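Here are the chains, one letter per residue:
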Amino acid sequence: MLLRRIIREEAGITAVAPADKWRGGSLVLKPGNPGLQEKSVPIETFFHKIVMLRNRLRTLEQHVNASDLPDDAKVKLQAYITGCYGSLTTFNVLFADEDDQFKGSEG
């Protein structure tokens, strides 16, 4: 347990909570074609996937910063990563704590 906690802390993976209003809720994907069945996913499951993606982007960012790549290549990769964060800001409504949210080039 201690080793897992240390690894999570070093990797920047911390416990993240969804906003109270979403707990116990569902994400419903409704197809445009009325003859097709909709898909329902528990918000907690979807939220967990979003948090995993955020953590992997952070890890990628750390690897880019620590790499031996030329500075211009690092800047280019950082710009792509920042763009990914920006594309994911739609999901910020799910996070209870603003510090856990995605930040794009504005953040």
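Computed from a predicted structure; not experimentally measured. (Residues numbered from 1 in each chain as written. Predicted model: local features only at pLDDT ≥ 70, side-chain atom pairs only at ≥ 80, totals over all residues. Heavy atoms only, no water.)

K.L.:
What exactly am I supposed to notice about the overall build of the protein here?
P.N.:
When helices and strands are tallied, the protein shows three helices and two strands. Reading the helices (α) and strands (β) of the protein from amino to carboxyl end gives α-β-β-α-α. Every one of the 107 residues in the protein was classed for burial, and the buried ones make up 22%. Of all intrachain contacts in the protein linking residues separated by at least 6 positions in sequence, the fraction that spans at least 24 positions is 48%. A total of about 7900 Å² of accessible surface is found on the protein, and carbon and sulfur atoms cover 57% of it. (Helix = DSSP H or I, 4+ residues; strand = E, 2+ residues; numbered from the N terminus. Buried < 20%, exposed > 50% of the residue type's maximum accessible area, 1.4 Å probe, protein only. Contact = heavy atoms within 4.5 Å. Areas by Shrake-Rupley, 256 points an atom, 1.4 Å probe, with all protein chains shown as cover.)

K.L.:
Honestly, the side chain of Gln78 in this entry has me stumped. Any pointers?
P.N.:
Along the chain, Gln78 turns up in helix H3 (residues 71-87). The buried category is assigned to Gln78, whose relative accessible area is 17%. Contacts of Gln78, omitting those with residues within four sequence positions, involve Glu61, Val64 and Asn65.

K.L.:
Even after reading the chapter, I still don't get the packing of helix H2 (residues 43-66) against H3, so can you show me in this structure?
P.N.:
Geometrically, a packed helix pair is captured by the angle between its two axes and the distance between the axes. For the pair H2 and H3, the least separation of the axes is 10 Å and the interaxial angle reads 170°. Classified by the angle their axes make, H2 and H3 are roughly antiparallel. Between H2, through Arg54, Leu57, Arg58, Leu60, Glu61, Val64 and Asn65, and H3, the contact on the second element is made entirely by Lys74, Leu77, Gln78, Ile81, Cys84 and Tyr85. A breakdown of the residues in the contact of H2 with H3 according to their chemical character gives seven nonpolar, two polar and four charged. (Axes fitted to C-alpha atoms, helices over the stretch in contact; angles between N-to-C directions. Parallel < 35°, antiparallel > 145°, perpendicular 65-115°, else oblique. Nonpolar A, V, L, I, M, F, W, Y, C, P; charged D, E, K, R; others polar.)

K.L.:
How should I be thinking about the confidence of the model for the protein in this particular structure?
P.N.:
Where the model shows low pLDDT, its predicted coordinates should not be examined in detail. Taken as a whole, the protein shows an average pLDDT of 86; of its residues, 87% reach a score of 70 or greater. Within the protein, the lowest mean pLDDT, 66, falls on helix H1 (residues 2-10), and the highest, 95, falls on strand S2 (residues 39-42). (pLDDT = per-residue confidence, 0-100.)

K.L.:
Can you walk me through H3 in this structure?
P.N.:
Turn by turn, an α-helix covers 3.6 residues, leaving residues three or four places apart pointing in a common direction. With 17 residues, H3 extends 24 Å from end C-alpha to end C-alpha; this agrees with the ideal 24 Å at 1.5 Å per step. Where H3 is concerned, the buried positions are Lys74, Gln78, Ile81 and Tyr85. For H3, the angular spread of the buried residues around the axis is 65°, confining them to a single face. Residues of H3 that are exposed and point over 90 degrees away from its buried face: Asp72, Lys76, Tyr80 and Ser87. Those residues of H3 that are buried are in contact with H2. (Expected span 1.5 Å × (residues − 1). Arc of directions from axis to C-beta.)

K.L.:
I'm lost on the pattern of salt bridges in this one. Help?
P.N.:
Oppositely charged side chains may form a pair once their charged atoms are brought near each other. The full count for this structure, using the stated rule, is two salt bridges. Residues Arg23 and Asp20 are paired through a salt bridge, measuring 3.3 Å at the closest nitrogen-oxygen approach. Arg23 sits in the partly exposed class, given a relative accessible area of 44%. A relative accessible area of 61% means that Asp20 is categorised as exposed. Note that Arg54 and Asp100 form a salt bridge whose closest N and O atoms lie 3.9 Å from each other. (Salt bridge = Lys/Arg side-chain N within 4 Å of Asp/Glu carboxyl O.)

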